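Residues per chain are reported as follows:
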Amino acid sequence: MKDTLPLTRPPLTRRGAGRPTKEQAEARSEELLGTALDMFLEHGFELTTIEMIAVRMNMTKRTVYAKFPDKAALFLASVQRAIERQIVPAKDLRALDSGSLRETLRAIGRQRIGLVRTRNGLRLQRIINTESFRFPQLLMLNYNQSAKPVTDFIVELLEREAAQGRVRAADPKLAASVFLSMVVSGPVRQIVAGEPPAADHIDALVDFAVDLFLDGMRPR
């Protein structure tokens, strides 16, 4: 998987003289959001200033303020972009469905953990952990855009299996939420703490959690 650990900041893109093309302007905006997120992580929201970000970007404060009215707006935009980069397209999510509930759930679990192991995923988790007290909307922004589509997909899988009598017809939304907590929460805490589990350990944990979950979902 590309863009994986360790968490390092890519070199800034420099442009030559003259008016930038549309592509260059978009790349520069992306770079600004990524650099801002790095600095908010490095120094915290309170201590990070627009001037610090502008200097890191080799921009003027005026240029930054032309794009964002204040520091909070830049912060939220940088987090929003990180969330968008964590969204798995619906077609890619559905491609995980092998027809076997066990194998599909295993694939989903590994995918969710793998996303947090990317540079973007790690930054996002850390910024949510450190700044959600100041910006409580971050939790729901991340859930609604990144996690909820996965939860909804698992609900569909469980409803399909329940209709065939292969799993218990329990509350599928609650079951999906419990499943993701069982599979993802532990490894994510370790990754965010800077102690990512080995790949074989993650595989063993995901397999065990899936089997435990499905045992609990057996029809009565």
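Going by the structure above, here's the rest.
A. Local environment of the overall build of the protein chain. Helix and strand counts for the protein chain stand at 10 helices and 0 strands. If you list the helices and strands of the protein chain from N to C, you get α-α-α-α-α-α-α-α-α-α. With respect to the three principal axes, the spread of C-alpha positions in the protein chain is 70 × 35 × 30 Å. Counting over 220 residues, the protein chain shows a buried share of 40%. Restricting to contacts in the protein chain with at least 6 residues of sequence separation, those with at least 24 account for 72%. Of the accessible surface of the protein chain, which amounts to about 12,100 Å², a share of 54% is contributed by carbon and sulfur atoms.

B. Inspection of helix α1 (residues 22-43) at higher detail. Its 22 residues place the ends of α1 31 Å apart at the C-alpha level, agreeing with the 32 Å of an ideal helix rising 1.5 Å per residue. Here α1 has its buried residues at Arg28, Glu31, Leu32, Leu33, Gly34, Thr35, Ala36, Leu37, Asp38, Met39 and Phe40. Packed against the buried residues of α1 are α2 (50-57), α3 (61-67), α4 (71-86) and α7 (119-131). Gly44 sits one or two residues past α1 and shows a positive phi near 85°.

C. Representation of the packing of aromatic side chains within the structure. For the coordinates displayed, the defined rule picks out 6 aromatic pairs. Geometrically, the ring pair formed by Phe45 and Phe75 is edge-to-face, given 5.4 Å between the ring centres and 75° between the ring planes. Taken together, the residues span a long stretch of sequence, with Phe45 in the loop between α1 and α2 and Phe75 in helix α4 at a distance of 30 residues. In this structure Phe45 comes out as buried when scored by relative accessible area, which is 10%. Phe75 sits in the buried class, given a relative accessible area of 0%. With centroids separated by 5.1 Å and ring planes inclined at 80°, the aromatic side chains of Phe45 and Phe135 adopt a geometry described as edge-to-face. Taken together, the residues span a long stretch of sequence, with Phe45 in the loop between α1 and α2 and Phe135 in the loop between α7 and α8 (137-163) at a distance of 90 residues. Residue placement shows Lys71 over the ring face of Phe45; its charged tip is 4.4 Å from the ring centre.

D. A look at the environment of Glu31. Within the element layout of this structure, Glu31 appears in helix α1. You can call Glu31 buried: its relative accessible area is 11%. Taking C-alpha positions, Glu31 is 41 Å from Leu158, a pair spaced 127 residues apart along the chain.

About the criteria used
- Residues numbered from 1 in each chain as written.
- Predicted model: local features only at pLDDT ≥ 70, side-chain atom pairs only at ≥ 80, totals over all residues.
- Heavy atoms only, no water.
- Helix = DSSP H or I, 4+ residues; strand = E, 2+ residues; numbered from the N terminus.
- Buried < 20%, exposed > 50% of the residue type's maximum accessible area, 1.4 Å probe, protein only.
- Contact = heavy atoms within 4.5 Å.
- Areas by Shrake-Rupley, 256 points an atom, 1.4 Å probe, with all protein chains shown as cover.
- Expected span 1.5 Å × (residues − 1).
- Phe/Tyr/Trp six-rings, centres within 6.5 Å; stacked < 30°, edge-to-face > 60°.
- Lys NZ or Arg CZ within 6 Å of the ring centre and 35° of its normal.

These results come straight from atomic positions and should not be treated as a statement about function.
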